[in-house]
Amino acid sequence: MENSEAAHAILRGLGYVPVIAFEKRCRNYDFEARGRRLLATLVRVPELDGTFLEVETLVDEADVPAALDDIRAVLAELGIGAEDLTRETYTGAVAARRG
């Protein structure tokens, strides 16, 4: 949406109230690997230490397990192992950081 204030007005009009707000900076890279179109996003959240990497692809529900295997293989090729992965959200991490 081009006008973020309009989006905020729509959400407020629906009765939603902001719970937390923070800045998230992203840079996207499209590429192909293992026969899939992938999107890699480098993410910085100034309140959090480090740079995060998100890798995703669009698949049918039946293809999710194979797609996850392919994404994990791409991450492994980049030197990113299972111990580096997290399910924590940026919202949760920022909230925890703020105490």
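Model, not experiment: these values are computed from the prediction.

Colleague: Hey, could you go over the overall build of the protein for me, with residue numbers and the actual values?
Modeller: Along the backbone of the protein there are three helices and three strands. A compact globule built from 99 residues would reach a C-alpha radius of gyration of about 13 Å, whereas the protein, at 17 Å, exceeds it by more than 25%. Seen along its three principal axes, the alpha-carbon backbone of the protein occupies a region of about 45 × 30 × 25 Å. Long-range pairs, those at least 24 residues apart, make up 36% of the contacts in the protein with a sequence separation of at least 6. Accessible area for the protein stands at about 7700 Å²; split by element, carbon and sulfur atoms hold 53% of it. Positive and negative side-chain charges of the protein, numbering 12 and 18 respectively, have mean locations separated by a distance of 5 Å.

Colleague: For the pattern of salt bridges, give the residues involved together with the corresponding values.
Modeller: Evaluated as defined, the whole model comprises 10 salt bridges. Among the salt bridges present, the one from Glu 32 reaches Arg 37, with a minimum N-O distance of 3.6 Å. Taken as a pair, Glu 32 and Arg 37 share a single burial class, namely exposed. The closest approach of N and O atoms between Arg 97 and Asp 49, which form a salt bridge, is 3.7 Å. Taken together, the positions of Arg 97 in helix H3 (residues 90-98) and Asp 49 in the loop between strand S2 (36-44) and strand S3 (52-56) put the pair 48 residues apart, joining distant regions of the chain.

Colleague: Describe the environment of Ile 20, and please don't skip the residues or the numbers.
Modeller: In this structure, Ile 20 sits in the loop between helix H1 (4-13) and strand S1 (25-33). Relative accessible area serves as the criterion here: at 27%, Ile 20 is assigned to the partly exposed category. Non-local contacts of Ile 20, meaning those with residues more than four positions away in its chain, are made with Thr 91, Val 94, Ala 95 and Arg 98.

Colleague: For the nonpolar core, give the residues involved together with the corresponding values.
Modeller: In terms of nonpolar packing, the biggest core is built from seven residues, these being Ala 33, Leu 38, Ala 40, Val 55, Ile 71, Val 74 and Leu 75. Elements supplying a minimum of two residues to this core: S2 and helix H2 (64-77). With three residues, the top contributor of residues to this core is H2. Discounting residues that sit within four places of it in the chain, Leu 75 has contacts with Leu 53, Val 55, Ile 80 and Leu 85. Counting six residues, the second largest nonpolar core, distinct from the first, contains Leu 48, Tyr 90, Ala 93 and Val 94.

Colleague: Would you mind going over the pairing of S1 in detail, with residue names and values included?
Modeller: Two strands pair when backbone bridges link them, and S1 and S2 are joined in this way by nine bridges, in the antiparallel orientation. Looking at the pairing, Glu 32 lines up with Arg 37 of S2.

Colleague: For the sheet that holds S1, give the residues involved together with the corresponding values.
Modeller: The three strands are arranged S1-S2-S3 in an open sheet whose pairing can be described as antiparallel. A strand with exactly one partner marks an edge of an open sheet, and here the two such strands are S1 and S3. Direction aside, the axes of adjacent strands within the sheet are offset by 20° on average. Packing of H2 onto the sheet brings it into contact with S1, S2 and S3, and relative to S2 it is tilted by some 55°.

Definitions and cut-offs
Residues numbered from 1 in each chain as written. Predicted model: local features only at pLDDT ≥ 70, side-chain atom pairs only at ≥ 80, totals over all residues. Heavy atoms only, no water. Helix = DSSP H or I, 4+ residues; strand = E, 2+ residues; numbered from the N terminus. Rg over C-alpha atoms; globule rule 2.2 N^0.38 Å. Contact = heavy atoms within 4.5 Å. Areas by Shrake-Rupley, 256 points an atom, 1.4 Å probe, with all protein chains shown as cover. Lys, Arg positive; Asp, Glu negative; His and termini not counted. Charge placed at Lys NZ, Arg CZ, Asp CG, Glu CD. Salt bridge = Lys/Arg side-chain N within 4 Å of Asp/Glu carboxyl O. Buried < 20%, exposed > 50% of the residue type's maximum accessible area, 1.4 Å probe, protein only. Core = buried A, V, L, I, M, F, W, Y, C linked by side-chain atoms within 4.5 Å. Pairing = 2+ DSSP bridges. Axes fitted to C-alpha atoms, helices over the stretch in contact; angles between N-to-C directions.

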